[in-house]
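One-letter residues, chain by chain:
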Amino acid sequence: MIEKITFDSGVSGPHLLVLGAIHGNEVAGPNAIFKIIDAIQTYQIHLKSGRLTFVPICNMQACQKDIRQIDENLNRVIRIHENPSSYEQHLANELVPLIEQCDVLLDLHSTHSKGDVPFAFCDYPTSENKALIEAINVQYVLLGWPEIYAGKTQISDYSTERCAHDYQKTGITLECGYHKEEDATDVAYAAIVNTLIHLGMIDGTIAKMPPKTSIRLTDYIVKNKSGHLCQSYKHLDEVIQGQKIAEYDDGEVLYAPYDGYILLPNANAEIGAEWYYLGVKG
Ligand SMILES: [Zn+2]
């Protein structure tokens, strides 16, 4: 059973759902959620309208082992499974009804490499999603996730964000920076506070931020066999056409097909999982 905690203001308003540790080793979200829960319970934050549900740790078993997942990537199987065949599919069956019951979803993640820049995913650029992202304290927005998965069969794309969208909810995913950096917890904490202010659920003012920079995803690259990334890439490192990005142990080399950015590089990706993504400005 996943553990959740709900605060009800008793005044009508939106129902915000905040998820942490969909991937077990991404502890910035849980750390920030526990801090906010403490702030609410000690009356430092006053919920004036709506309802607020937290699932601080969605993937408990993976979190306890400090690993991304137990059987498979939870953020690719967020749908109802009639006959769940993995630990994560059981979790998905508990999470989907929570997403269905909320009005707004904030899903907090963190990334694999030291120095990674925080960013928001805007998979479905509805006016509500765009307005929420505007209120969030990150500079970068990644567009085009569903498009790069569409038409490919190797990996399914049942993410929390897609689930929220399918239920016609507002929903965004935030990558708060490198898992182990204290700053990532601060980014996650500020994002929850800004979301609450944006939704009118708490009092406060959102600090003015510089305009966001949009990056459009163009492809994802699956690690098909044993190999390594050729540099210790960070999220949003620039790459130029023809640059050697990765090399398999059998000698096959993967090059940058065009000028752009390497996104979400995962040096420790498992075989069969996404190794890195590519994107361009816009
Ligand atoms: Zn994640």
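Residues numbered from 1 in each chain as written. Predicted model: local features only at pLDDT ≥ 70, side-chain atom pairs only at ≥ 80, totals over all residues. Heavy atoms only, no water.

(A) Structural context of the sheet that holds strand β12 (residues 253-255). Strands sit in the order β9-β11-β12 across an open sheet of three strands; the sheet is antiparallel. Only two strands of the sheet have a single neighbouring strand rather than two, namely β9 (227-229) and β12. Averaged over all pairs of adjacent strands, the angle between their axes in this sheet comes to 20 degrees, without regard to strand direction. When strand β11 (residues 244-248) meets β12, the two strands line up antiparallel, connected through three bridges. Across the sheet, the residue bridging to E247 is V253, located in β12. (Pairing = 2+ DSSP bridges. Helix = DSSP H or I, 4+ residues; strand = E, 2+ residues; numbered from the N terminus. Axes fitted to C-alpha atoms, helices over the stretch in contact; angles between N-to-C directions.)

(B) Geometry of the coordination of the zinc ion. Those protein atoms acting as donors to the zinc ion are H23 (ND1), E26 (OE), E26 (OE) and H109 (ND1), and they sit at 2.0 to 2.4 Å. Bound by four donor atoms, the zinc ion shows angles of 57 to 148 degrees at the metal and therefore irregular coordination geometry. Mapping the donors of the zinc ion onto the primary sequence gives the spacing H-x2-E-x82-H. Of this pair, H23 sits in the loop between β2 (15-20) and α1 (28-41) while H109 sits in strand β4 (residues 104-111); the two residues are 86 residues apart in sequence, bridging distant segments of the chain. You can call H23 buried: its relative accessible area is 3%. (Donors = N, O, S within 2.8 Å, 3.2 Å for Na, K, Ca; no water. Tetrahedral: all angles 85-135°; square planar, octahedral: opposite > 155°, others 65-115°. Buried < 20%, exposed > 50% of the residue type's maximum accessible area, 1.4 Å probe, protein only.)

(C) Representation of the pairing of strand β14 (residues 274-281) within the structure. Within β14, six of the eight residues are buried, leaving the element largely enclosed by the surrounding structure. Inspection of the sheet shows strand β8 (residues 213-222) paired to β14 by seven bridges, in the antiparallel sense. Bridge pairing in β14 links R216 to V280. Summarising the sheet, strand β13 (residues 260-263) and β14 pair through three bridges and their orientation is antiparallel.

(D) Main features of the domain arrangement of the protein. Domain annotation of the protein identifies domain 1 (5-198) and domain 2 (217-281). For domain 1 and domain 2, the distance between their C-alpha centroids amounts to 25 Å. Taken together, the 22 residues of domain 1 in the interface contact 18 residues of domain 2. Together, H112, I148 and I155 form the three largest contributors to the area buried by domain 1 at its contact with domain 2, with a combined 27%. The closest approach of N and O atoms between E274 and R76, which form a salt bridge, is 2.8 Å. The interface formed by domain 1 and domain 2 holds seven residue pairs in polar contact (both at pLDDT 80 or more) in total. Those elements giving two or more residues to the side of domain 1 that touches domain 2 turn out to be β5 (119-122), β6 (140-143) and α5 (145-149). Of the residues assigned to the side of domain 1 that touches domain 2, the class counts are 10 nonpolar, seven polar and five charged. (Domains from an automatic or database assignment. Contact = heavy atoms within 4.5 Å. Buried area = accessible area lost by both parts, 1.4 Å probe. Salt bridge = Lys/Arg side-chain N within 4 Å of Asp/Glu carboxyl O. Polar contact = N/O pair within 3.5 Å; in protein donor to acceptor, adjacent residues only side chain to side chain. Nonpolar A, V, L, I, M, F, W, Y, C, P; charged D, E, K, R; others polar.)

(E) Representation of the pattern of salt bridges in the model. In this structure the tally under the stated criterion is 10 salt bridges. Residue D203 is joined to K48 by a salt bridge in which the shortest nitrogen-to-oxygen separation is 2.7 Å. Within this pair, whereas D203 is found in the loop between α7 (182-198) and β8, its partner K48 is found in the loop between α1 and β3 (51-55), the two being separated by 155 residues in sequence. Classification of K48 as partly exposed rests on a relative accessible area of 34%. Between K225 and D250 there is a salt bridge; the shortest N-O distance is 2.8 Å. A residue pair is termed long-range when its members are at least 10 positions apart, and K225 in the loop between β8 and β9 and D250 in the loop between β11 and β12 qualify at 25 residues. Salt bridges linked by common partners bring K225, D250 and E252 together as one network.

(F) Region of the structure containing the packing of α1 against α7. Across the interface, α1 lies against α7 with an axial gap of 8 Å and an inter-helix angle of 50 degrees. Classified by the interaxial angle, the pair formed by α1 and α7 is oblique. In the crossing of α1 with α7, the sense of the turn from one axis to the other is right-handed. Of α7, the residues touching α1 (which contributes A28, G29, N31, A32, I33, K35, I36 and A39) are A184, T185, D186, A188, Y189, I192 and V193. (Parallel < 35°, antiparallel > 145°, perpendicular 65-115°, else oblique. Left-handed = near helix turned anticlockwise from the far one by under 90°.)

(G) Seen up close, the sheet that holds β13. If you walk across this open sheet you meet the 11 strands as β1-β3-β2-β4-β7-β5-β6-β8-β14-β13-β10, and the pairing is mixed. Here the strands that pair on one side only, and so sit at the sheet edges, are β1 (5-8) and β10 (237-239). This sheet shows a mean twist of 30 degrees between the axes of neighbouring strands, independent of strand direction. In the sheet, β10 pairs with β13 via three bridges, with the strands oriented antiparallel. In the sheet register, V239 faces β13, and the bridge partner there is G260. Across the sheet, helix α4 (residues 127-135) touches β4, β5, β6 and β7 (170-178), and the angle it forms with β7 is around 30 degrees.

(H) Inspection of the side chain of H81 at higher detail. Tracing the backbone shows H81 in the loop between α2 (60-64) and α3 (87-101). At 2.7 Å, the side chain of H81 forms a polar contact with the backbone oxygen of V77. If we ignore the near neighbours within four places in the chain, the residues touching H81 are Q89, A92 and N93.

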